[in-house]
Amino acid sequence: MQVLELIIFAGLAAVVLYQLYSVLGRRKGLQPEDRKQAEPIERRPASPERAPEPADDGVELTGLAAVRARDPAFDVGRFLNGAKGAYEMTVKAFAEGDRATLRNLLAADVLASFEQAIDQREAEGRTETVEFFHAPRADLEKAEVAPGDVARVTVRFLAEFRSRAKGPEGESVDDRRTAELWTFERPLKSRDPNWTLVHVDAAEA
């Protein structure tokens, strides 16, 4: 009986070894399907977020940006509206010989040239009045911070008005269309918000 049992166990062992060999014995080394599982997934390193570029400290601002940097309250629309009012007031004061009004609006050298023209007109016995057909057009031409910490803004004016002049020879009426560049200045350190006319140039219409 013992011999018979040994033979049976040996047969069973042979069957089990044969099945193991049929499944595992033919796999030599790493199989292709194993690589799919064994090989790590290649992951590209996440690109770091781009840091914000530092501000350009030390860069000198120019033009309108320079004026706004020194005077944050500066508003182009409000300034141009005020400039149109100053333009009409100055033209009318010049025509009427109103020196007191001109002194509040003009720089000394501009005032001197205006007064010279008024003196000559009065010496010739002439008078003049001006009537605007409509409000002048005002466009910002240039803005800058000039040496001495002075804001300087140039405005291009287009205007249409009627001039009535009286002289020894009689009365004349002249309809005019003008284009001029007026430059205004204001010290940025001054508490006075008013601007002064410092230069007048002719411009193309």
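Provided above is the structure to which this section pertains.
Quick caveat: nothing in here was measured; it's all calculated off a predicted structure.

Quick look at the packing of aromatic side chains
- The tally for this structure, following the rule as stated, stands at 11 aromatic pairs.
- Here F157 and W182 contribute two aromatic rings whose centre-to-centre distance is 5.6 Å and whose plane-to-plane angle is 75 degrees, an arrangement assigned as edge-to-face. With F157 in strand β3 (residues 150-167) and W182 in strand β4 (residues 170-187), the pair connects residues that are 25 residues apart, well separated along the chain.
- With a centroid separation of 6.4 Å and 45 degrees between ring planes, the pair formed by W182 and F184 is classed as tilted.
- For W182, a relative accessible area of 3% corresponds to the buried category.
- With relative accessibility at 5%, the residue F184 sits in the buried group.
- Put simply, the rings of F74, F79, Y87, F132, F157, F161, W182, F184 and W195 touch in pairs and so form one group of aromatic residues.
- Its end group placed over the ring of F94, R121 keeps NZ or CZ at 5.1 Å from the ring centre.
- Above the face of the W195 ring, R186 is positioned so that its terminal group lies 5.8 Å from the ring centre.

What about the pattern of salt bridges?
- Across all of its chains, the model carries 15 salt bridges by this definition.
- Across the pair D119 and R99 runs a salt bridge, and its minimum N-O distance is 2.5 Å. Taken together, the residues D119 in helix α6 (residues 108-123) and R99 in helix α5 (residues 99-103) connect sequence positions 20 residues apart.
- A salt bridge links E122 to R99; the shortest N-O distance between them is 3.1 Å. Taken as a pair, E122 in helix α6 and R99 in helix α5 lie far apart in primary sequence, 23 residues in all.
- Judged by its relative accessible area of 44%, E122 is partly exposed.
- Under the relative-accessibility criterion, R99 is labelled partly exposed at 21%.
- Within this structure, R121, E128, D174 and R176 form a network of salt bridges that share partners.

Basis of the calculations
- Residues numbered from 1 in each chain as written.
- Predicted model: local features only at pLDDT ≥ 70, side-chain atom pairs only at ≥ 80, totals over all residues.
- Heavy atoms only, no water.
- Phe/Tyr/Trp six-rings, centres within 6.5 Å; stacked < 30°, edge-to-face > 60°.
- Helix = DSSP H or I, 4+ residues; strand = E, 2+ residues; numbered from the N terminus.
- Buried < 20%, exposed > 50% of the residue type's maximum accessible area, 1.4 Å probe, protein only.
- Lys NZ or Arg CZ within 6 Å of the ring centre and 35° of its normal.
- Salt bridge = Lys/Arg side-chain N within 4 Å of Asp/Glu carboxyl O.

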